[in-house]
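Chain by chain, the residues:
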Amino acid sequence: MKEKLRTAIVGCGKVTDLHAAALLNLDNSLFTAICSRSEEKAERCASRYGVKAFTSVPEMVLREKIDVVVICTPHPFHRAPAIEAMSAGAHILVEKPFASSLEDCDAMLEAARSQGKEIGVICQRRWYPPAAR
């Protein structure tokens, strides 16, 4: 049997619950931790899912040996936690949009290249006719 990927989320906002439910239900995911800048939000969110709470992305990735981090922060704040998580050893999935500036996009892509990590972005409407067009 294939070993499960240790997964985590950064950000405790409105989309977090959807990603947490997905990570809990994926056969190859062991949902382990949640990180927020706010200790209170991290603790509240973590208790909802029975995972560990953190306020430091690198500490979370290293302590919990996280394989994949889902970035669910507001889009102007995707860059820092994505780069921190990759630098600590995790692959990244970013909630859309990828970032709020081309500079942030370039920095995240360069970090993925230099760290040898995969980075992807959620695009759940890619098959909708207007998006496909």
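Along each chain, residues carry numbers from 1 onward, in the same order as the chain's sequence is written. Restriction of local features to residues with pLDDT of at least 70 applies here, the model being predicted, together with a cutoff of 80 or more for giving and counting side-chain atom pairs; totals for whole chains, interfaces and linings are based on all residues. Note that the side-chain values use all heavy atoms of the structure and ignore hydrogens as well as water.

1. Side note on the overall build of the protein
Okay, step 1: Along the backbone of the protein there are six helices and six strands.
Okay, step 2: Under the DSSP-based scheme used, a helix requires at least four consecutive residues in state H or I and a strand at least two consecutive residues in state E, with every element numbered from the N terminus. Listed by position from the N terminus, the elements making up the protein come as β-α-β-α-β-α-β-α-β-α-β-α.
Okay, step 3: With respect to the principal axes defined by its C-alpha atoms, the protein has extents near 40 × 35 × 30 Å.
Okay, step 4: Burial here depends on accessible area, computed with a 1.4 Å probe over protein chains only, as a share of the maximum for the residue type. Under 20% is buried, over 50% is exposed, and the range in between is partly exposed. Looking at the 133 residues of the protein, the share that counts as buried comes to 40%.
Okay, step 5: Note on contacts: a residue pair qualifies if any of its non-hydrogen atoms lie within 4.5 Å across the two residues. In the protein, 56% of the contacts between residues at least 6 apart in sequence involve partners at least 24 apart.
Okay, step 6: Summed over its atoms, the accessible surface of the protein is roughly 7,900 Å², and 54% of this surface lies on carbon and sulfur atoms. What sets the accessible areas is the Shrake-Rupley method with a 1.4 Å probe; for residues, cover comes only from the shown protein chains.

2. Structural notes on the pairing of strand E4 (residues 68-71)
Okay, step 1: Going residue by residue along E4, you find Val68 and Val70 tucked away on one face and Val69 and Ile71 tucked away on the opposite face as well.
Okay, step 2: For two strands to pair, DSSP has to find at least two bridges joining them. Two strands pair when backbone bridges link them, and strand E1 (residues 5-10) and E4 are joined in this way by four bridges, in the parallel orientation. For Thr7, the partnering residue across the bridge sits in E4 and is Val68.
Okay, step 3: As judged from the four bridges shared by E4 and strand E5 (residues 91-94), these two strands associate in the parallel manner. Bridge pairing in E5 links Val70 to Leu93.
Okay, step 4: If the strands point away from the viewer and the path from the first strand over the helix to the second runs clockwise, then the crossover is right-handed. Chirality of the crossover, the property in question, places the unit of E4, helix H4 (residues 79-88) and E5 among those that are right-handed.

3. Notes on the packing of aromatic side chains
The geometry of an aromatic ring pair comes down to the distance between the two centres and the angle between the two planes.
Okay, step 1: In summary, the pairing rule links any two rings of Phe, Tyr or Trp, Trp by its six-membered ring, whose centres are within 6.5 Å, and it sorts them by plane angle into stacked for under 30 degrees, edge-to-face for over 60 and tilted for everything else. Within this structure, the stated rule accounts for one aromatic pair.
Okay, step 2: The interplanar angle of 55° and the centroid separation of 6.0 Å between the aromatic rings of Phe31 and Tyr49 together place this pair among those described as tilted. Residue Phe31 is found in strand E2 (residues 29-35), and its partner Tyr49 is found in helix H2 (residues 39-49); the two are separated by 18 residues along the sequence.
Okay, step 3: Judged by its relative accessible area of 8%, Phe31 falls in the buried class.

4. Topic: the confidence of the model for the protein
Okay, step 1: Taken over all residues, the pLDDT of the protein has a mean of 91, while the share at 70 or more is 92%.
Okay, step 2: When pLDDT is averaged over each element of the protein, helix H3 (residues 57-64) comes out on top at 98 and helix H6 (residues 129-132) at the bottom at 70. Every residue gets a pLDDT, meaning the predictor's confidence in that residue, from 0 to 100.

5. So, the pattern of salt bridges
Okay, step 1: Each salt bridge in this description consists of a side-chain nitrogen of Lys or Arg and a carboxyl oxygen of Asp or Glu lying within 4 Å of one another. The final tally for this structure, using the stated rule, is eight salt bridges.
Okay, step 2: Across the pair Asp104 and Arg79 runs a salt bridge, and its minimum N-O distance is 2.9 Å. Of this pair, Asp104 sits in helix H5 (residues 102-115) while Arg79 sits in helix H4, and the two are 25 residues apart along the sequence.
Okay, step 3: On the basis of relative accessible area, Asp104 is assigned to the buried category, the value being 12%.
Okay, step 4: One network of salt bridges, with partners in common, ties together Arg6, Lys52 and Glu64.

6. Considering helix H1 (residues 16-25)
Okay, step 1: All of the buried residues along H1 are Thr16, His19, Ala20 and Leu23. With its buried residues spanning 100° around the axis, H1 presents them on a single face. Residues Leu18 and Asn25 are exposed on H1 and point more than 90 degrees away from its buried face.
Okay, step 2: Those residues of H1 hidden inside the fold are in contact with E1, E2, H2 and E4. Directions are taken from the helix axis to each C-beta atom, and the arc is the one they span.

7. Quick notes on the environment of Ser56
Okay, step 1: Mapped onto the secondary structure, Ser56 falls in the loop between strand E3 (52-54) and H3.
Okay, step 2: In sequence terms Ser56 and Ala85 are 29 residues apart; their C-alpha atoms lie 9.7 Å from each other.
Okay, step 3: Polar contacts here mean pairs of N or O atoms no more than 3.5 Å apart (in protein, one a potential hydrogen donor and the other a potential acceptor; neighbouring residues in sequence count only if both atoms are side-chain atoms). Separated by 3.2 Å, the side chain of Ser56 and the backbone nitrogen of Glu59 make a polar contact.

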